[in-house]
Amino acid sequence: MLHRTRSSKGGKVRESDRLVDLLPELRSKGTYDTITVRHLLDMSSGIAVDENYSPWRPLN
């Protein structure tokens, strides 16, 4: 379950917002704590994503 954050209350997300401020359940005192929305938009966060485009298993 996602927690309510200032972004959902204020309705705006800035590129400088940290990922863990928007999704507190990812807080780990590690890599996720330094990633910003800008990193995600630029695809430069360093998060490994398996790009599976199968129409039968889209989320695997």
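The rules behind these values
Residues numbered from 1 in each chain as written. Predicted model: local features only at pLDDT ≥ 70, side-chain atom pairs only at ≥ 80, totals over all residues. Heavy atoms only, no water. Helix = DSSP H or I, 4+ residues; strand = E, 2+ residues; numbered from the N terminus. Contact = heavy atoms within 4.5 Å. Areas by Shrake-Rupley, 256 points an atom, 1.4 Å probe, with all protein chains shown as cover. Buried < 20%, exposed > 50% of the residue type's maximum accessible area, 1.4 Å probe, protein only. Patch = residues over 30% accessible without salt bridge, like charges linked within 9 Å, V, L, I, M, F, W, Y side chains within 5 Å. Salt bridge = Lys/Arg side-chain N within 4 Å of Asp/Glu carboxyl O.

## Some words on the overall build of the protein chain
Within the protein chain, the regular secondary structure consists of three helices and zero strands. Within the protein chain, residue pairs in contact and separated by at least 24 positions form 8% of the contacts whose partners lie at least 6 positions apart. When the accessible area of the protein chain is evaluated, it comes to approximately 5,200 Å², of which 56% is carbon and sulfur surface.

## Examining unusual backbone geometry
With phi around 55 degrees, Lys29 is a residue other than glycine that occupies positive phi space. By secondary structure assignment, the location of Lys29 is in the loop between α2 (19-22) and α3 (37-41). Residue classification places Lys29 among the exposed positions, given a relative accessible area of 79%. Phi is positive for Met43, close to 55 degrees, though the residue is something other than glycine.

## Some thoughts on a nonpolar patch on the surface
Taken together, Tyr32, Leu40, Ile47 and Val49 make up a surface patch of nonpolar side chains, about 330 Å² in accessible area. Within the secondary structure, Leu40 sits in helix α3. Judged by relative accessible area, Leu40 falls into the partly exposed class, the value being 38%.

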